[in-house]
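A structural walkthrough
The lines below spell out each chain.
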Amino acid sequence: MAFIYVSLILPAITALFIGLSLTYIIHQIWIIDMIVLYCGGAVLIILAAWKTAQKLLDTYLYPMLIVDPAKKAVLITGCDTGFGNETASRLNSNGFRVYACCLFPNKDGAKKLKKTAKFPDNMVIMPLDVTKRENIDKVLHDVEEDLKTHGLELWCLVNNAGIARSGPLEFGDFDDHFRNVLQVNTLAVVEITRKFLPLLRQSKGRIVFLCSLTSRYVLPYSTAYSMSKHAVLALVNGLRWELRKFGVEVVSIEPNFAKTDMFRNILAVYGELEKSTPKEILDPYEKMKEEFINSQYVINNPIFDADNIRDKTIDTIVRSVNEKIVPFSRTIDPTFYKPINLLSRIVPEEWAFIAVLILFRFAGQDRKSISTLATGSKKNR
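Below: a short report on this structure.

The rules we used
- Residues numbered from 1 in each chain as written.
- Predicted model: local features only at pLDDT ≥ 70, side-chain atom pairs only at ≥ 80, totals over all residues.
- Heavy atoms only, no water.
- Buried < 20%, exposed > 50% of the residue type's maximum accessible area, 1.4 Å probe, protein only.
- Helix = DSSP H or I, 4+ residues; strand = E, 2+ residues; numbered from the N terminus.
- Pairing = 2+ DSSP bridges.
- Right-handed = clockwise from strand over helix to strand, strands pointing away.
- Phe/Tyr/Trp six-rings, centres within 6.5 Å; stacked < 30°, edge-to-face > 60°.
- Lys NZ or Arg CZ within 6 Å of the ring centre and 35° of its normal.
- Axes fitted to C-alpha atoms, helices over the stretch in contact; angles between N-to-C directions.
- Parallel < 35°, antiparallel > 145°, perpendicular 65-115°, else oblique.
- Left-handed = near helix turned anticlockwise from the far one by under 90°.
- Contact = heavy atoms within 4.5 Å.
- Nonpolar A, V, L, I, M, F, W, Y, C, P; charged D, E, K, R; others polar.
- Salt bridge = Lys/Arg side-chain N within 4 Å of Asp/Glu carboxyl O.
- Core = buried A, V, L, I, M, F, W, Y, C linked by side-chain atoms within 4.5 Å.
- Expected span 1.5 Å × (residues − 1).
- Arc of directions from axis to C-beta.

1. Re the pairing of strand β2 (residues 97–102)
Where burial is concerned, most of β2 is hidden: 6 out of the 6 residues are buried. Along β2, one buried face is formed by R97, Y99 and C101 and the opposite face, lined by V98, A100 and C102, is buried too. Two strands pair when backbone bridges link them, and strand β1 (residues 72–76) and β2 are joined in this way by 4 bridges, in the parallel orientation. Its bridge partner lying in β2, L75 is registered against Y99. Handedness of the β1-helix α2 (residues 82–93)-β2 crossover: right-handed. Inspection of the sheet shows β2 paired to strand β3 (residues 123–127) by 5 bridges, in the parallel sense. The residue of β3 that forms the bridge with C102 is P127. Regarding the hand of the β-α-β motif, the stretch spanning β2, helix α3 (residues 108–116) and β3 is right-handed.

2. Here we look at the packing of aromatic side chains
Applying the stated rule across the entire model yields 1 aromatic pair. Ring centres 6.0 Å apart and planes at 15° place the aromatic pair F174 and F178 in the stacked group. Of the two residues, F174 and F178 are both situated in helix α5 (residues 174–203); the distance of 4 residues between them amounts to about one turn of the helix. The side chain of R201 reaches across the aromatic face of F246, ending 5.4 Å from its centre.

3. Re the packing of α5 against helix α6 (residues 223–243)
Running from N to C, α5 and α6 point in directions that differ by 15°, and their axes come no closer than 8 Å. Viewed along their axes, α5 and α6 adopt a mutual orientation that is roughly parallel. For the pair α5 and α6, the crossing hand works out as right-handed. Counted together, H177, F178, V181, L182, N185, T186, V189, V190, T193 and L197 of α5 and A224, Y225, M227, S228, K229, A231, V232, L235, L239 and L243 of α6 form the full contact between these two elements. Tallied by class, residues from the contact of α5 with α6 come to 14 nonpolar, 5 polar and 1 charged.

4. Digging into the pattern of salt bridges
By the definition in use, this model includes 12 salt bridges. Residues E153 and K72 are paired through a salt bridge, measuring 3.4 Å at the closest nitrogen-oxygen approach. Placement of the pair is E153 in strand β4 (residues 153–159) and K72 in strand β1, with a sequence separation of 81 residues. Ionic pairing is found between R133 and E191, a salt bridge with its closest N-O pair at 2.5 Å. Of this pair, R133 sits in helix α4 (residues 133–150) while E191 sits in helix α5, and the two are 58 residues apart along the sequence. By relative accessible area, R133 is classed as exposed at 52%. Take E191: its relative accessible area is 16%, and that puts it in the buried class.

5. Let's talk about the nonpolar core
Counting 36 residues, the largest nonpolar core has L75, Y99, V143, L154, F196, I207 and F209 as the members making the most contacts within it. Elements with a minimum of two residues in this core: β1, β2, β3, α4, β4, α5, β5 (206–210) and α6. Top element by residues in this core is α5. It accounts for 8 residues. Setting aside residues up to four positions removed in sequence, I207 forms contacts with L157, N159, T193, L197, L200, L239, L243, V248, E249, V250 and V251. The next biggest cluster of nonpolar side chains, apart from the first, holds 27 residues, and it includes F96, A100, A117 and I314.

6. Some points on the environment of P327
Note that P327 resides in the loop between α11 (306–322) and β7 (329–332). On a C-alpha basis, the gap between P327 and S252 in space is 8.8 Å, while along the polypeptide they are 75 residues apart.

7. Considerations on unusual backbone geometry
Its identity is not glycine, yet K71 carries a phi of approximately 65°, on the positive side. With respect to the element layout, K71 can be found in the loop between α1 (2–65) and β1. For K71, a relative accessible area of 52% corresponds to the exposed category. Its identity as a non-glycine residue notwithstanding, K204 has a phi of 50°, on the positive side.

8. What to know about the pairing of strand β6 (residues 249–255)
Extensive coverage of β6 is indicated by the burial of 6 of its 7 residues. Note that β5 and β6 share 5 bridges and pair parallel. Residue pairing in the sheet places I207 in a bridge with V250 of β6. Crossover handedness for the path β5 to α6 to β6: right-handed.

9. Topic: α4
Every α-helical turn comprises 3.6 residues, leaving residues that sit three or four positions apart pointing alike. Counted at 1.5 Å a residue, the expected span for α4 with its 18 residues is 26 Å, and the 26 Å between its end C-alpha atoms agrees. Those residues of α4 that fall on the buried side of the exposure criterion are I136, V139, L140, V143, D146 and L147. One side of α4 holds all its buried residues, which, seen down the axis, span an arc of 135°. The exposed residues of α4 that point more than 90 degrees off its buried face are E134, K148 and T149. Turning to α4, the residues buried within the fold contact β1, β2, β3, β4 and α5. Once α4 finishes, G151 follows within two positions and takes phi at roughly 65°, a positive value.

The following block contains the structure:
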């Protein structure tokens, strides 16, 4: 009799267990389905909201934040190559009338600007040697006449022209190593800014200054260049006070290492300075040449992302002209360098000095493509 009860009860319990298990599994699957359904719906709603928001921003908010280029002109110095050349092209594409000032208006850089411009009639190539006052006066006169002819206002001056020199203080001819650098990078910037300020005050426009990492820090063997850029940053900070009541905005852009023609030629420039230096001065510095090469070739190390920094700098210049609301300064650094940049402003100078030595020694190790300085070998002395 007990056997019969067991025989009946066990299958019943087993069936009940299986039924409960299936019910639980179905219930769980239902919950999972509901979660998937709700999550999927939420994602679709978020995507739809994002697209709608983008459309609203592009249609209504974006035009409120971006300067209308109609009836506005921009003057850019140093447009033969590099930042100036590409910025001129981009701003022309955005609809500005661009006065692209070139040292060599008949060479490839200037010709390419005119040939590839989206609006060729709005790309005006102007010959300008920034160190010659008569050149600056001629450009000012031509710009004033052109503005009147087309009913425009000068919205922005981009001070971009610059040259670089690298080497110990004693190297080279004084005029080539120091006077010319300060003339182009600093004094010419002051003079051009002074000349065009009346037009910028009338338009309540802005001035964009191409500064540098070296506006705040002195890099090894770049004393002349660093001096010139420190002075420009002082000019920027002073002008903000002077021009605030006129509604003229002043912006500094401070990129880290970027692959431009100016910095690609640094080793060759060092070699030229070396060639014009007496042997009795060269010899004591011979052992330091390796350190100099390390300090300059950090630009080739992938951690500095120099190609990307170059592109970001051009984007930043264009934004600083285009946007209605702009910050006082914009730095362009590789990701790893941002905390270093912050720390370097608060730690003692001795610590920063040691950090730079370590950084350049580490970052300059990979130099397989370098055999000798371009023109600085002993046979050239």
